[in-house]
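Listed here are the chains, written in short residue letters.
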Amino acid sequence: MQTKHLILPALAVGLGALLLVPAQDAGAFTLLGGSLSQSQRDFRVFNNFTDSTANDNTTPDPSFPGYQGAVVAIWKASVEWGSELHGDGSGDPHQPNGLGSGGANFDASFQGLATSEGTTNSNVHSELSGSSGGVLAFTETPISDGWRIKYYSGWTWDDGPDTNIGSRIDIQGVACHEYGHALGLDHSTATGATMQPAISGSGVTQRSISSDDIAGVQAVYGVKAGNKPRITGVTVVGNQITITGANFASTSNQVWFTQGSSGGTGTPIKVTNLTSTNGGTQLVCNVPSTAGPGDVLVRNDGTANDDLSNAWPTDLQPSGPTCLSPSNYCVSSPNSVGSGAVIDSVGLPSVAANDFTLACYGVPPNQFGIFFYGGSQVSSAFGDGILCVASGGLGVYRFSPKQADAFGDVSMPVNWGAAPVASGSGQWASGTQWFVQFWYRDPAAGGSGFNLSDALDMTICP
Ligand SMILES: [Zn+2]
């Protein structure tokens, strides 16, 4: 096991800590030897930092959902080494060009909170009581089997994201340096490198890895491959997540989620054996009940460095705007009890949510009727009313008859697992558009004996 320190330079010479730097050509990264296997890309935080300033950033950040304080600072430090911008790259005022600068076949999976400092290969960050001269923090690095990072409590730590933190030490900057050790880099003599053995000031500038650090991580894991899977967006509707991107395998994909509860082993929550669609640009699966807010990653069908995607933040909360409520169109015609029946719905037309109800009001009490749907709109006289739904080449489909109650109301939860919506050419598949209307008996009107509501225009969501 090797232990690598980050120190304050004022104390460095006295400690001889600069002796940790091997003799090298000027201005270049060096390597510890070895790399983190794909099974060791997780990191967790045992948040036992004692300074109030280490956990006083309580502003929610959508790029780092569900967490605050030191945990977010360390999360930011880790994603800076990632192959791509982390989501839209936002989160650090010191890095206006974004977090995620590595450009290598290396990405890490945030796995939330640990409940202890763990062992030397538990991949956990934590504070260590005490001090050791000028040493700020250190990394224990078995490398291929994992690592552990500790921050001495003797310093006053700050979680940012402010850059003007006075004499306090920046958790994010120091974490970025230490995580560089964890992934296999030794100290660099390059000016401005995050992996320089000592910092001056607060350490804020260490948050952003330099060209030398980038060359280092690329030397260990390879320059980001052209066929490396890549996430460019995530949407959640109901319990279903849709991941869009590029280079997903045709079969045997995995989606890695952040664990939802504290503790665990750091092993990501995984959904496996997924088949991609749309030419390897889309994956759809249900969100596991044990997953929580954090990052998602996609693993292709292998275990090489270039089989794991970038990390994409998501709070796993359904995103409303992508699933719209149906809208009414056409007209309802007067019937025997009033101005006409009006169609309505409750819930969203989401396959995954499976919580959508069709309704109709203003129907003659206790009369029977049928909800039916088709692929296009029309407007033509029919019975005592107006027909608003036509086939549109997709057919017209009807549900089982429903009886209005004594108030003239009809309500019908849609069973997504049954005919006519479950399968066939009338299937309510994600992305399909349908037009729905209610056709009901009305003998008391003295006309044709039946009438129609107005209609709904709706697009089915994932
Ligand atoms: Zn170091």
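Residues numbered from 1 in each chain as written. Predicted model: local features only at pLDDT ≥ 70, side-chain atom pairs only at ≥ 80, totals over all residues.

Colleague: Sorry, what's going on with the domain arrangement of the chain here?
Modeller: Reports of interface size often rely on the accessible area that becomes lost once the parts have come together. Segmenting the chain into domains produces domain 1 (2-221), domain 2 (230-321) and domain 3 (323-459). Its C-alpha centre places domain 1 at a distance of 59 Å from the equivalent point of domain 3. (Domains from an automatic or database assignment.)

Colleague: Mind showing me how you'd approach the environment of G385 here?
Modeller: With respect to the element layout, G385 can be found in strand β21 (residues 385-390). Between the alpha carbons of G385 and S332 there is a distance of 6.9 Å; along the sequence they are 53 residues apart. If sequence neighbours within four positions are ignored, G385 has contacts with S333, N451 and L452. (Helix = DSSP H or I, 4+ residues; strand = E, 2+ residues; numbered from the N terminus. Contact = placed C-beta atoms within 7 Å.)

Colleague: I would appreciate a short explanation of the sheet that holds strand β15 (residues 312-314) in the present structure.
Modeller: The strands that make up a sheet are held in pairs by hydrogen bonds between backbone atoms, and each pair lies either parallel or antiparallel. Spatially, the 4 strands line up as an open sheet ordered β12-β11-β14-β15, and their pairing is antiparallel. Of all the strands in the sheet, the pair left with one neighbour each is β12 (269-274) and β15. Each strand of the sheet is rotated relative to its neighbour by a mean of 20 degrees, with strand direction disregarded. (Pairing = 2+ DSSP bridges. Axes fitted to C-alpha atoms, helices over the stretch in contact; angles between N-to-C directions.)

Colleague: Got a minute to help me understand the nonpolar core in this structure?
Modeller: A general feature of soluble globular proteins is that nonpolar side chains tend to end up buried together. Residues I74, L136, L183, V296, V436 and F438 are the most contacted members of the largest nonpolar core, which totals 114 residues. Among the elements that make up this core, the one with the highest residue count is helix α2 (residues 69-79) (8 residues). Setting aside its immediate chain neighbours within four residues, L183 contacts L36, W81, F106, V217 and V220. (Core = buried A, V, L, I, M, F, W, Y, C linked by C-beta atoms within 7 Å. Buried ≥ 20, exposed ≤ 12 C-beta atoms within 10 Å, placed from the backbone.)

Colleague: Can you walk me through the sheet that holds strand β13 (residues 282-286) in this structure?
Modeller: The 3 strands lie next to each other as β9-β10-β13, forming an open sheet whose pairing is antiparallel. Of all the strands in the sheet, just β9 (230-237) and β13 have a single pairing partner and so form its edges. Sheet twist, expressed as the average angle between the axes of neighbouring strands with direction ignored, equals 20 degrees. As paired elements, strand β10 (residues 240-246) and β13 share 5 bridges and run antiparallel to each other. Residue Q240 lies in a different strand from β13, and its bridge partner there is N286.

Colleague: Any chance you could explain the pairing of strand β20 (residues 376-382) here in plain terms?
Modeller: A regular strand places its side chains on the two faces of the sheet in alternate fashion. As defined by bridge partners, β20 adjoins β21 across 5 bridges and the pair is classed as antiparallel. By the bridge assignment for β21, F382 is matched with G385. Where β20 folds back onto β21 in an antiparallel hairpin, the turn is made up of 2 residues, including G383, whose phi is positive at roughly 60 degrees.

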